[in-house]
Amino acid sequence: MNARRAAMIWGIAGSIFLVGCGDSFEEPAADPAALLAADVEAGRRIYDSNGCANCHGSDGSGRGPNAAYMNPPPRDYRDPGAYKAGISVDAVAQSIATGFSEDGAAMPAFAHLTAEQLRQLASFVVSLQRPESELVEVEGAWVAETPPATDVTAGYMTLVHDAAPPDALVQVEAKGARARVHATRQRDGSTSMEPLERLELDVGAVVELAPGGLHLMLSGLRSPLVAGDFVELTLYFESHTARRLSVPVRRRGADN
Amino acid sequence: MQNPLRFLVGALIVLVGAVFWVSTRPAESPVLGADEPAEAAADVLYSPPVLQRFNIGGDFVLDAHDGSVFDLAAHRGEVFLLFFGYTRCPDFCPATLSLLAQVSERLGDRASGVTTLFVSIDPQHDGSERLGEYLGYFGVPAIGLSGSVDRIDDVVAAYAGSYETVSSSENGPMFGHSTYTYLIDRAGGVRYTFRPDDAPRFIADGVNQVLDEAVG
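Residues numbered from 1 in each chain as written. Chains lettered and ligands numbered in written order. Predicted model: local features only at pLDDT ≥ 70, side-chain atom pairs only at ≥ 80, totals over all residues.

Asker: Looking at this model, I keep getting lost on the overall build of chain A. Mind explaining?
Answerer: The helix and strand tally for chain A stands at five helices and ten strands. Counting over 256 residues, chain A shows a buried share of 31%. Long-range contacts, defined here as pairs at least 24 residues apart, represent 65% of the contacts in chain A between residues at least 6 apart. (Helix = DSSP H or I, 4+ residues; strand = E, 2+ residues; numbered from the N terminus. Buried ≥ 20, exposed ≤ 12 C-beta atoms within 10 Å, placed from the backbone. Contact = placed C-beta atoms within 7 Å.)

This is the structure in structure tokens:
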């Protein structure tokens, strides 16, 4: 019995090691900024005319109209970490040419495309990537536990941007909820709330999202958030970068 | 003629410099207690609320979340903290209820002497069951109040409050609204309007003053 358990543990440990090895192969990082605008534009037309957006969505988020019926669902290609077989133009072109069918994946092979078209289409896909921002720091992020009987709560954090050039937070996505930055204005004892389309991050900016002020509204929560849970948040910046965060849920109280 | 002028200019420069030095040097800081320097520093500036008598507010009748009818006139001798909110409020309402929970903690044995009145500005959505469940979470003695939009509007107007719909989603409207918390004394009168950024200690001191007042 003990020997069997030991064998099982070694087996699991071994497979973790193998998976680890598989992920660590050297792959040239894609550089969306180095893409040719003409390739990206040509690629966008190929993306549209081949119906890619039906599954992958027009933004590569994997939320096209067909995605809801797919298992596994298409991956979010804005996240460089989500790619199965490399994030460079060449690697993406290869994936489009051969498709993926293992483990239930339903990505067909687009074998009718020429090498040039594949390269253009891959350039467009790479242009959708939003690598991690190295310039915006996120500190002390937390999300308030939802009181019972409500599908709404708020998230708080401090955004620090002390490097040039200026940037702006232009979109926030949360797994399992709609997310929107709200400005709360206190005026004559009344609070009015307005959604912000963009939150400026000037050089040297320290922007605090805190109770009673600027906050991230999370609404339409599919299930209540309980202290100890984590919420997956992605902040998208104007600089075509993102911060992907796993934010702890806490109960409101004296400590926050 | 030149010398006295030069002297005056020189004196002026010295004077301006001296005023600048005096006004910008750091104020002498009081000796702080070793254990709680923050609290001690706050003590220097702290003063409890000075209660007043406002000519806003007054009696009203609304539906309580437990199914009963709440008539403020029938509650003479009791102390209340009233504010306007709604359960789908992302920030201010839960933050205020959390603040009032901290006030409750500070009040200790006297916490049961004050009841929070949460008047819903979203009566279509905030049914009695929802209000009860929501308020129960925060650990403050609280009554959720609701009613027809007209009756709610009357109470909001009487307390010089306001609210407006700022956006709508498929799950319901979002509101902007008044953020005062009204301290109501044993005679049913408004004695203070607390702001969302008031400290728990400040609010508790106001409540204690009202609780100290004689009944009747």
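Asker: Before we go on, may I ask you to explain the interface of chain B and chain A in this structure?
Answerer: Much of the literature gives interface size as the accessible area that the parts lose upon coming together. Counting residues at the interface gives 28 residues for chain B and 27 residues for chain A. Among the secondary structure elements, those contributing two or more residues to the side of chain B that touches chain A are α3 (92–107), α4 (128–136), β6 (163–169) and β7 (172–178) of chain B. A total of five residues in the side of chain B that touches chain A trace back to one element, the largest contributor, which is α3 of chain B. Along the lines of polarity and charge, the residues of the side of chain B that touches chain A split into eleven nonpolar, twelve polar and five charged. (Nonpolar A, V, L, I, M, F, W, Y, C, P; charged D, E, K, R; others polar.)

Asker: Explanation requested: the pairing of strand β1 (residues 61–64) of chain B in the structure shown.
Answerer: Along any regular strand the residues' side chains alternate between the sheet's two faces. Residues and elements named next belong to chain B. As judged from the three bridges shared by β1 and strand β2 (residues 69–71), these two strands associate in the antiparallel manner. By the bridge assignment, L62 is partnered in β2 with F70. In this structure, the hairpin formed by β1 and β2 is closed by a connection of four residues, where G67 is found at a positive phi of approximately 95 degrees. Of the strand pairs in this sheet, β1 and strand β5 (residues 142–146) are connected by two bridges, and their pairing is antiparallel. By the bridge assignment, A64 is partnered in β5 with L145. (Pairing = 2+ DSSP bridges.)

Asker: Quick question: what am I supposed to make of the packing of α3 of chain B against helix α6 (residues 200–212) of chain B here?
Answerer: The packing of two helices is summarised by the inter-axis angle and the distance between the axes. All names here are of chain B. With their axes 9 Å apart at the nearest point, α3 and α6 run at an angle of 60 degrees to one another. By the criterion of interaxial angle, the relationship of α3 to α6 is oblique. Here α3 runs over α6; the crossing is right-handed. Across from L99, Q102, V103, R106 and L107 in α3, the residues of α6 making contact are P200, R201, I203, A204 and V207. (Axes fitted to C-alpha atoms, helices over the stretch in contact; angles between N-to-C directions. Parallel < 35°, antiparallel > 145°, perpendicular 65-115°, else oblique. Left-handed = near helix turned anticlockwise from the far one by under 90°.)

Asker: Looking at this structure, I do not really get the sheet that holds strand β8 (residues 181–184) of chain B. What am I missing?
Answerer: What holds strands together in a sheet is hydrogen bonding between their backbones, with the strands either parallel or antiparallel. All names here are of chain B. The mixed open sheet is built from seven strands, whose spatial order is β2-β1-β5-β4-β3-β8-β9. The open sheet has two edge strands, β2 and β9 (190–194), and neither has a second partner. Along the sheet, successive strands turn relative to each other by an average axial angle of 35 degrees, direction set aside. Running over the sheet, α6 touches β3 (79–85), β4 (114–120), β8 and β9 and is turned about 175 degrees from β9.

Asker: What should I look at first to understand α3 of chain B in this one?
Answerer: All names here are of chain B. Compared with the 22 Å implied by 1.5 Å per residue over 16 residues, the 22 Å span of α3 between its first and last C-alpha is a close match. For α3, the buried fraction is high: twelve of the 16 residues fall into the buried class. For α3, every residue scored as buried is listed here: F92, C93, P94, A95, T96, L97, S98, L99, L100, A101, V103 and S104. Following α3 by one or two positions, G108 has its phi on the positive side, about 60 degrees. (Expected span 1.5 Å × (residues − 1).)

Asker: Please explain the pairing of strand β8 (residues 215–219) of chain A as it appears in this structure.
Answerer: Residues and elements named next belong to chain A. In terms of burial, β8 is largely enclosed, as five of its five residues are buried. Here β8 shows two buried faces, one formed by H215, M217 and S219 and the other by L216 and L218. One ladder, built from three bridges, connects strand β2 (residues 153–161) with β8; its direction is antiparallel. When the bridges of β8 are listed, T153 appears paired with L218. Looking at chain direction, strand β4 (residues 178–187) and β8 are connected through five bridges and run antiparallel. Counted as the bridge partner of R178 is S219 from β8.

Asker: Explain the nonpolar core to me, please; I cannot follow it from the model alone.
Answerer: Within soluble globular proteins, side chains that are nonpolar tend to cluster in buried spots. With 52 residues, the main nonpolar core has L82, V119, Y182 and L183 of chain B as its most contacted residues. Considering every element that reaches this core, the biggest residue donor is α3 of chain B, with eight residues. If we ignore the near neighbours within four places in the chain, the residues touching L183 of chain B are L81, V190, R191, Y192, F194, G206, V207 and V210 of chain B. Counting 28 residues, the second-largest nonpolar core is a separate cluster that includes L159, L199, L216 and A242 of chain A. (Core = buried A, V, L, I, M, F, W, Y, C linked by C-beta atoms within 7 Å.)

Asker: What exactly am I supposed to notice about the domain arrangement of chain A here?
Answerer: Taken domain by domain, chain A consists of domain 1 (13–17 + 23–127) and domain 2 (136–250). When each unit is reduced to the centre of its C-alpha atoms, the spacing between domain 1 of chain A and domain 2 of chain A is 29 Å. (Domains from an automatic or database assignment.)

Asker: How should the packing of helix α2 (residues 37–49) of chain A against helix α5 (residues 115–127) of chain A be read in this particular structure?
Answerer: Residue and element names in this part refer to chain A. At their nearest, the axes of α2 and α5 sit 7 Å apart, and the two run at 100 degrees to each other. Classified by the angle their axes make, α2 and α5 are roughly perpendicular. Mapping the contact onto sequence places D39, V40, A42, G43, R44, I46 and Y47 in α2 and Q117, R119, Q120, L121, S123, F124 and S127 in α5. When grouped by side-chain class, the residues that make up the contact of α2 with α5 number six nonpolar, five polar and three charged.

Asker: How should α2 of chain A be read in this particular structure?
Answerer: For an α-helix the count is 3.6 residues per turn, leaving residues at separations of three or four pointing the same way. Look at α2 of chain A: 19 Å from first C-alpha to last across 13 residues, which is about the 18 Å you get at 1.5 Å a residue. Count one or two residues on from α2 of chain A and you reach G51 of chain A, which has phi positive near 70 degrees.

Asker: It is not clear to me how unusual backbone geometry should be interpreted in this structure. Could you clarify?
Answerer: Leave glycine aside and you will find that most residues have negative phi; peptide bonds, for their part, are mostly trans. Residue and element names in this part refer to chain A. In this chain, N71 is followed by P72 through a cis amide linkage whose omega measures 0 degrees. Here P72 lies in the loop between α3 (53–56) and α4 (89–98). In this model, A164 is joined to P165 through a cis peptide bond whose omega is -5 degrees. Within the fold, P165 resides in the loop between β2 and β3 (167–174). Non-glycine residue H240 carries a positive phi angle of around 60 degrees. Inspection of the secondary structure puts H240 in the loop between β9 (230–237) and β10 (242–250).

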